[in-house]
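Observations on the model geometry
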Number of protein chains: 2
Amino acid sequence: MLAAGGADVSTDEDRRDGQQWAGGCASLVRVTETVGSAPDHGVIDGAPSVPTPLVATGPAPRPSAAEEARTLVAATNVAAIATLTADGDPWASLITYGALDDGAPVLCLSRLAEHGRNLAADPRASLVITQIDRPPDPLAAARVTLAGRAERPSDAASLAAARATHLTAVPAASTYIDFSDFSLWILRIDRVRWVGGYGRMDSASGPAYAAAQPDPVATGAAAAIAHLNADHADALLAIARALGGYPDATTARCSGLDRRGIDLALDTPRGRAPARVSFSATLTQSAQLRAATVELTRRARAAATAP
Amino acid sequence: MLAAGGADVSTDEDRRDGQQWAGGCASLVRVTETVGSAPDHGVIDGAPSVPTPLVATGPAPRPSAAEEARTLVAATNVAAIATLTADGDPWASLITYGALDDGAPVLCLSRLAEHGRNLAADPRASLVITQIDRPPDPLAAARVTLAGRAERPSDAASLAAARATHLTAVPAASTYIDFSDFSLWILRIDRVRWVGGYGRMDSASGPAYAAAQPDPVATGAAAAIAHLNADHADALLAIARALGGYPDATTARCSGLDRRGIDLALDTPRGRAPARVSFSATLTQSAQLRAATVELTRRARAAATAP
C-alpha cells in the first residue's frame, strides 16, 4: 500500500496489487491515492502534500521489488536469520551468505550453533538483509526479507557450487568451512518482502525473485551520485526542469541511480518533490553511468533552448 | 564452549558452565582447554597455538555476558526481529527500539506491517543486535540475541515510560508513533545469547541481563583505543611487558577498553597473544579512561625500573 510514514507497512491488498509506492520520497507525505479498502495510518491531515509535476512526462519504470531484492542481496554477505527453536520459538541471529545465480542464499552453519541446530530440526527460515550504507534513520534504509526453507545441497555438483559461492562471498569462511560441525545450506525462497525505506515497499514471489537480476550499476551508483551532487548541480536542475516535469524546480539533487534511470529530490516554490527520469536505454554496467547522465543533460539542455 | 573458529557455537555445556572464551583473540586459535565432553569442530591440528604468559598475573575479570549484552543493546537503536507468521514460520525484519532501565527493548510497530501482525497473534519474539562499528569480517562482529515475549504496556505509567524511552532512542518515530495503526511493545527477555566474535560467546538468563549495567565507558572507548594505538605504542608495550605477563612482547596494540580494564593484542617471538590488564578501580565514566590508562603506564614503568 501507499504508506504515509513509519515502517514496513503491508496489506493483503498490496500483495495482490503488486508494486506501488509513494514516489520514493523519504519524508512524510500525504497519502493521495488509496488502494482498494486497504487500511491506512488513520492520521493524514497535517502532513505536507507533494507538489505534482507541471508538465506530463512519460512513464519512468522503476526496478521491480524482485529486482530491488536481488540488488540488496547481491550487495553484501551478512544477514540476520530467523529460525525456530525446538519449542517453535523464533530465534534471531547473525549469519553470512553468498547468493547462487538464482539469488538463493548459501549459508555455512555449525550444528553447535543455535541456528544450525534449529535448521537441522526445522528447515523453515527467513533472512533480513539491509542496505550496506545505512542512513542515520534506520527505517529509511532499504531492506529485504526472504522467507523459505533451507536444504542441504542434494548432490556433489550442487555441493561444489554452493561451497564455491559461499567462499567467494565470505573469504573468511575458508578457516572453518571444513570443520566437521559446519554444513552448507541453501535457502530456497518462497516469499520476498522488500522495503525501500519510508513509504516504498512491495512483495515478490519466489519465482519472480529467482528470475530477476541484481542491478548491474549498483556497485558504481554511490560514487556517481556523490559526483553528480558535488559537481553537477546545474545539470541535475536542467534534467529536473526539462525532463522531470518540474520546470519550477529551484534545486535538484540525485537521490538514486539504477539501470533504468535517475531519481531526483528537488525543491520547488510549491514544496519538495521527487522526480524520476529514464535513461534512453537500460544500462548493463556501471561504466555506462557517466555517458547516460551526460546524455540526459544534453537532452535537457537541448529541450530548454528549443524555440 | 571454547571455539576454534567459525560462528556462534554453543552447547548445553557452556550454558551450564557460564562464561568462558578463548582469550578474546579474533584469529583462529588452537583449543587448549575443553569443557566437559562438549563437542568440538573436529579439526584442531594445524591451528597455531597461542603463547602462554611467561609471568603469572592476577585475575583480570572481563565483562559478563549479561554486561556485554546490555552494552551492545545500549549502543544502538536498530535490530533484526524474528517473529512467527500465522503458519508458525519464522519471519525476519528490521525494527528500531529503545531500552528501558532493565534493558527490555521498546518497539513501535504498525499492525499493518507483517511483524506487527505476527506479534499481535503470537507474542514470542527474538532480536539480534550487532555492534555499530562493524569489522570487515561480519562474523568478527559482536552481537547479541535476546529472546522473550512481547507485551503491550499494562498501564498509563508504563505506556508513558515506554513511549518516552522509544522516542529518546528513535527521534524519527515522532512522525508516526501517534498513527492509529502503531503500538508500543515491550520485549520481556527470557534468554540472552552473546557472541563477542570468533571464539567468544556465552549465555545469560533474563534476570542476569536485567540486573547488569551497560558499560559506562563504551561511548568513549573507540576514540581512546584509536588514540592509544596512534600515539602511545610505547606505553602499551610497557603495560604488556610489565603487567600483562608477556615480558617478551615486541609490539602491543589496544584491542579493547571497558570499565574494568584494557585488552591488548601483542606480538612475541613465540607468536601472537592476547593479554588483559585490570584498572586499579572500576570506571564509571568515559572521562576516566585517560587517567586510568596513564596510571597503568606509570605502574608498568615503575615495575620495569624496579631493582
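Given the structure is predicted, the values throughout are model-derived calculations rather than measurements.

A few words on the overall build of chain A. Of the regular secondary structure elements, chain A holds eight helices and 11 strands. In chain A, which comprises 307 residues, the proportion classed as buried is 54%. Within chain A, contacts between residues separated by at least 24 positions form 62% of all contacts whose residues are at least 6 apart in sequence.

Turning our attention to the pairing of strand β10 (residues 261-268) of chain A. All names here are of chain A. Counting buried positions along β10 gives six out of eight residues, so the element sits mostly inside the fold. Adjacent in sequence and paired antiparallel, strand β9 (residues 251-258) and β10 are bridged by two residues. Remark: two residues form the turn of the hairpin made by β10 and strand β11 (residues 271-278), two consecutive strands paired antiparallel.

Turning to the packing of aromatic side chains, a few remarks are in order. Per the counting criterion, the structure on display carries six aromatic pairs over all chains. An angle of 40° between the planes, with centres 4.9 Å apart, marks the rings of Tyr176 of chain A and Phe182 of chain A as tilted. We note that Tyr176 of chain A, like Phe182 of chain A, is buried. With a centroid separation of 6.3 Å and an interplanar angle of 45°, the aromatic rings of Tyr198 of chain A and Tyr176 of chain B are classed as tilted. A residue pair is termed interchain when its members come from two chains, as with Tyr198 of chain A in the loop between β7 (182-197) and β8 (200-205) and Tyr176 of chain B in the loop between α4 (156-169) and β7 (182-197). Taken together, the aromatic side chains of Tyr176, Phe179 and Phe182 of chain A together with Tyr198 of chain B make up a single cluster linked through ring pairs.

All names here are of chain B. In the contact formed by helix α7 (residues 233-242) and helix α8 (residues 289-305), the axes pass within 8 Å of each other and the chain directions differ by 60°. The angle between α7 and α8 falls in the class oblique. The way α7 lies across α8 gives a crossing that is left-handed. Across from Asp234, Ala235, Ala238, Ile239 and Ala242 in α7, the residues of α8 making contact are Thr293, Leu296, Thr297, Ala300, Arg301 and Ala303.

Our focus in this paragraph is the sheet that holds strand β10 (residues 261-268) of chain B. All names here are of chain B. The strand order across the open sheet formed by three strands is β9-β10-β11, and the pairing between neighbours is antiparallel. Looking at which strands have only one partner, the edges of the open sheet turn out to be β9 (251-258) and β11 (271-278). Adjacent strand axes in the sheet meet at a mean angle of 20° when their direction is disregarded. Note that β9 and β10 share seven bridges and pair antiparallel. Within β10, the residue paired with Asp258 across the bridge is Gly261. The strands touched by α8 within the sheet are β9, β10 and β11, with β11 carrying the most contacts at an inclination of about 110°.

A few words on the packing of helix α6 (residues 218-231) of chain A against helix α7 (residues 233-242) of chain A. All names here are of chain A. The N-to-C vectors of α6 and α7 enclose an angle of 95°; their axes lie 5 Å apart at closest approach. The angle between α6 and α7 places the two elements in the roughly perpendicular class. Facing Leu228, Asn229 and Asp231 of α6, the residues of α7 in contact are Ala233, Asp234 and Leu236.

What follows deals with the pairing of β7 of chain B. Residue and element names in this part refer to chain B. The element β7 is extensively covered by neighbouring structure, given that 13 of its 16 residues are classed as buried. Sheet topology places strand β4 (residues 105-110) next to β7; five bridges connect them, and they run antiparallel. For Cys108, the partnering residue across the bridge sits in β7 and is Leu184. As defined by bridge partners, strand β6 (residues 143-151) adjoins β7 across nine bridges and the pair is classed as antiparallel. By the bridge assignment for β7, Thr145 is matched with Arg193. Here β7 pairs with strand β8 (residues 200-205) via six bridges, running antiparallel.

Because each turn of an α-helix spans 3.6 residues, side chains separated by three or four positions end up pointing in the same direction. All names here are of chain A. Taking 1.5 Å as the rise per residue, helix α4 (residues 156-169) with 14 residues should run 20 Å; its terminal C-alpha atoms sit 20 Å apart, in good agreement. Of the residues making up α4, those classed as buried are Ser158, Ala162, Thr165 and His166. The arc enclosing the buried residues of α4, seen along the axis, measures out at 95°, which places them on a common side. Those residues of α4 that are exposed and angled more than 90 degrees off the buried face are Ala156, Ala157 and Thr168. Looking at the buried positions of α4, the neighbouring elements they touch are β3 (90-99), β4 (105-110) and β7. Where α4 starts, the residue carrying a side-chain oxygen 3.2 Å from the main-chain nitrogen of Ala157 turns out to be Asp155.

Between side chains of opposite charge, a pair can form when the charged atoms approach closely. Inspection of every chain in the model, using the stated rule, returns 34 salt bridges over all chains. The salt bridge partner of Asp234 of chain B is Arg301 of chain B, with a shortest N-O separation of 3.4 Å. With Asp234 of chain B in helix α7 and Arg301 of chain B in helix α8, the pair connects residues that are 67 residues apart, well separated along the chain. On the basis of relative accessible area, Asp234 of chain B is assigned to the partly exposed category, the value being 49%. Two residues, Glu295 of chain B and Arg299 of chain B, come together in a salt bridge whose shortest N-O distance is 3.5 Å. With Glu295 of chain B and Arg299 of chain B both in helix α8 and four residues apart, this pair spans about one turn of that helix. Beyond isolated ion pairs, a larger network of salt bridges with shared partners links Arg62, Asp258, Asp263 and Arg276 of chain A.

Next up on the list: the side chain of Asp181 of chain A. All names here are of chain A. Tracing the sequence through the fold places Asp181 in the loop between α4 and β7. Within the buried core, Asp181 has no salt-bridge partner, and the shortest N-O distance to an opposite charge, that of Arg111, equals 5.8 Å. Side-chain polar atoms of Asp181 contact the side chain of Ser110, separated by 2.6 Å.

Bringing α7 of chain A into the picture now. Those residues of α7 of chain A that sit buried are Ala235, Leu236, Leu237, Ala238, Ile239 and Ala240 of chain A. On its buried side, α7 of chain A packs onto α6, β9, β10, β11 and α8 (289-305) of chain A.

Reading the values: rules and limits
- Residues numbered from 1 in each chain as written.
- Chains lettered and ligands numbered in written order.
- Predicted model: local features only at pLDDT ≥ 70, side-chain atom pairs only at ≥ 80, totals over all residues.
- Heavy atoms only, no water.
- Helix = DSSP H or I, 4+ residues; strand = E, 2+ residues; numbered from the N terminus.
- Buried < 20%, exposed > 50% of the residue type's maximum accessible area, 1.4 Å probe, protein only.
- Contact = heavy atoms within 4.5 Å.
- Pairing = 2+ DSSP bridges.
- Phe/Tyr/Trp six-rings, centres within 6.5 Å; stacked < 30°, edge-to-face > 60°.
- Axes fitted to C-alpha atoms, helices over the stretch in contact; angles between N-to-C directions.
- Parallel < 35°, antiparallel > 145°, perpendicular 65-115°, else oblique.
- Left-handed = near helix turned anticlockwise from the far one by under 90°.
- Expected span 1.5 Å × (residues − 1).
- Arc of directions from axis to C-beta.
- Polar contact = N/O pair within 3.5 Å; in protein donor to acceptor, adjacent residues only side chain to side chain.
- Salt bridge = Lys/Arg side-chain N within 4 Å of Asp/Glu carboxyl O.
- Lys, Arg positive; Asp, Glu negative; His and termini not counted.

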